[in-house]
Amino acid sequence: MKILIVDDEIIIRQGLSMVIDWRKLGFELLEPAESAEEALDRLQQEKPDLILTDIRMEGKDGLALAKEARELLPDVEIIMLTGYDDFEYMQRAIRENVSDYLLKSSRPGDIIQAVVSAAQRIRDKWGARSQVFRQEKEMREHLLERWLTGGAAVEEARLAAAFPLLSIGKTPLQVVLLQPTGWGERESGGQLLRFAAENMLREMIPCETLITSKHVTALMPVEGPAWEEKLRAVLGSIEQLLKCSIYGAAGRPAASPNQLPDSYSDAVKTSKYWGLLPDRMLHYRQIEHRKGARTLCSREEEVELAELLSAGDAIRLNQWLKVRLCDYLSHPDLTYESFSSYIQSLALSGIRWFERMSASEAMKESLADFSVARDRDEPDLQEKLQQYLHEMMNAYHATVHRGAAAYVRRVIGYIKDNLGSQKMNLHQAARLVHVHPGYLSEVFKRETGSTFNDFLVREKLERARELLSDPSAKISEIARSVGYEDVKYFSQLFKRHYQLTPSEYRERRLGSGASEGDGG
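Residues numbered from 1 in each chain as written. Predicted model: local features only at pLDDT ≥ 70, side-chain atom pairs only at ≥ 80, totals over all residues. Heavy atoms only, no water.

## Focus: the overall build of the protein
Thought 1: If you tally the helices and strands in the protein, you get 22 helices and ten strands.
Thought 2: Counting all 520 residues of the protein, 46% fall into the buried class.
Thought 3: Taking contacts inside the protein between residues at least 6 apart in sequence as the whole, the part at least 24 apart equals 66%. (Helix = DSSP H or I, 4+ residues; strand = E, 2+ residues; numbered from the N terminus. Buried < 20%, exposed > 50% of the residue type's maximum accessible area, 1.4 Å probe, protein only. Contact = heavy atoms within 4.5 Å.)

## Topic: the packing of aromatic side chains
Thought 1: Considering all chains together, one arrives at 13 aromatic pairs under this definition.
Thought 2: With 6.3 Å between their ring centres and 55 degrees between their planes, W353 and F354 make a pair best called tilted. Residues W353 and F354 agree in their burial class; the two are buried.
Thought 3: With centroids separated by 5.7 Å and ring planes inclined at 70 degrees, the aromatic side chains of F494 and Y505 adopt a geometry described as edge-to-face. A residue pair is termed long-range when its members are at least 10 positions apart, and F494 in helix 21 (residues 487-498) and Y505 in helix 22 (residues 502-510) qualify at eleven residues.
Thought 4: On the accessibility criterion, F494 (0% relative accessible area) is buried.
Thought 5: Ring-pair connections join several aromatic residues into one group, and the members of that group are Y484, Y489, F490, F494, Y498 and Y505.
Thought 6: We note K460 situated over the ring of Y484; from NZ or CZ to the ring centre the distance is 5.5 Å. (Phe/Tyr/Trp six-rings, centres within 6.5 Å; stacked < 30°, edge-to-face > 60°. Lys NZ or Arg CZ within 6 Å of the ring centre and 35° of its normal.)

## Observations concerning the sheet that holds strand 7 (residues 208-211)
Thought 1: With mixed pairing, five strands are arranged side by side in an open sheet as 7-8-6-9-10. Two strands bound the open sheet, and with one partner strand each, they are strand 7 and strand 10 (281-283). Put simply, the sheet's adjacent strands are angled 20 degrees from each other on average, direction ignored.
Thought 2: Judged from the six bridges that link them, strand 6 (residues 173-181) and strand 8 (residues 216-221) form a sheet pairing that is antiparallel. Counterpart to V176 in the pairing with strand 8 is A218.
Thought 3: Sheet strands touched by helix 9 (residues 227-242): strand 6, strand 8, strand 9 (245-250) and strand 10. Its angle to strand 9, the strand with the most contacts, is close to 155 degrees.
Thought 4: The strands touched by helix 10 (residues 260-271) within the sheet are strand 6, strand 8, strand 9 and strand 10, with strand 6 carrying the most contacts at an inclination of about 30 degrees. (Pairing = 2+ DSSP bridges. Axes fitted to C-alpha atoms, helices over the stretch in contact; angles between N-to-C directions.)

## Points about the nonpolar core
Thought 1: Ranked by size, the top nonpolar core spans 56 residues in total, and within it W147, F163 and F339 carry the most contacts.
Thought 2: For this core, the secondary structure elements donating two or more residues are helix 6 (131-149), helix 7 (156-162), strand 6, helix 10, helix 11 (299-311), helix 12 (314-329), helix 13 (336-357) and helix 15 (381-400).
Thought 3: When residues of this core are assigned to their parent elements, the largest contribution, ten residues, is made by helix 13.
Thought 4: The residues touching F339, leaving out its near neighbours within four places in the chain, are L276, L325, Y328, L329, L334, L381 and Q382.
Thought 5: Counting residues in hydrophobic clusters, the runner-up holds 48 residues, among them I5, F27, A218 and M281. (Core = buried A, V, L, I, M, F, W, Y, C linked by side-chain atoms within 4.5 Å.)

So yeah, pure geometry; function would need other evidence.
Spelled out as structure tokens, the structure:
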């Protein structure tokens, strides 16, 4: 594929020629032309596929060049370089079917994207002319997909004939999944970047490739012990040229063609660790022996998270998540599955906080379920958790700050999160919401139908009643966990509310005659 640069300014011609590695993009750079007239004289002999030209030049301008070039080479792609004040020119350029246009101030990355897009259109034209070419390409892609996924057994002789670059039967084969990122969030940008990276990869190393909606799947021969270093160097070059980042995941080498589905499966498993491990190029050997870290957040973490969500401080919440998740990700036995479970556990802790704090069933139902099920087009798990907790926190505080009942809702949440405190009282709660204790007492009674102290005692005893369902928990420990050091006083309060001592309640609840003898 040939490209011709046309500009009457030598600094522009030299800059465009040198700032971009055209060969690695799949283009042969022709000698730049100093004018439209020179370019037209050379078109028939050199037949460029793409012309990159200034719109304003001495003599014939870029528009005249575009019109006459189309007459000589109907399929040529033309990209115009324009200034900010060339709007009228660009209207005419559109009428001349110019393929694309760029500002002269465009960054190399913008020029590369426009050129890669033009290259795709050129290849599409070539493919459209050749039905045989299309059929062969589709056949090879279908065959490669069946081979990789183990959809059907394929004869080695047929594979060797279809994929001569792979030296099938002579050299071990390696599956590598690649995901280039950095050309924007739109799907069209991702597709174009995958095409560009795949095209460059095929130019630089012998391989067969398959582009999907998520990855570039590359199949390559393992040429000696240094193949991995060579691949890293190639990917680094592609990143530098395309101004992107590339994540790679390699499976175990396949000694024979029938082992390739296992290598592909290994690569897919490895790709789940993108973003969890520090290296962008990962190999299955880095993860195959990991046993998994803990899957549940601790009680301490749940309490800290509840305090942060109650405070409504997004910055502190982000800092806390960063520290906790960094510590977790440093665990040597971390697996994607254990990390997913840990993330889900943190989300569930947030949900429990939200349910405790919610003043109504409607508010509880307003929170969507959190799931770690995702594909690579969604945010990573850490970002997804952070977004979810922020939405939860914002939903709660938006409700809390509406109306006079805002103080009461916040105090109720505070009570439920601190039932084990012996020091909790009305004055402490009033300081929390910055109001006078008398005013809080009045509002609390109006909103709940109960005094602050009665509500506090009821919540403590309700929590104690839940804990009594655990036969291994001592009643003295349960009393302390809800803020009562005096077990006898706790038992008297409990009987006053439920007409049963804690031991009697447990016996009735569990249907057994077991009793600990330390609490009534």
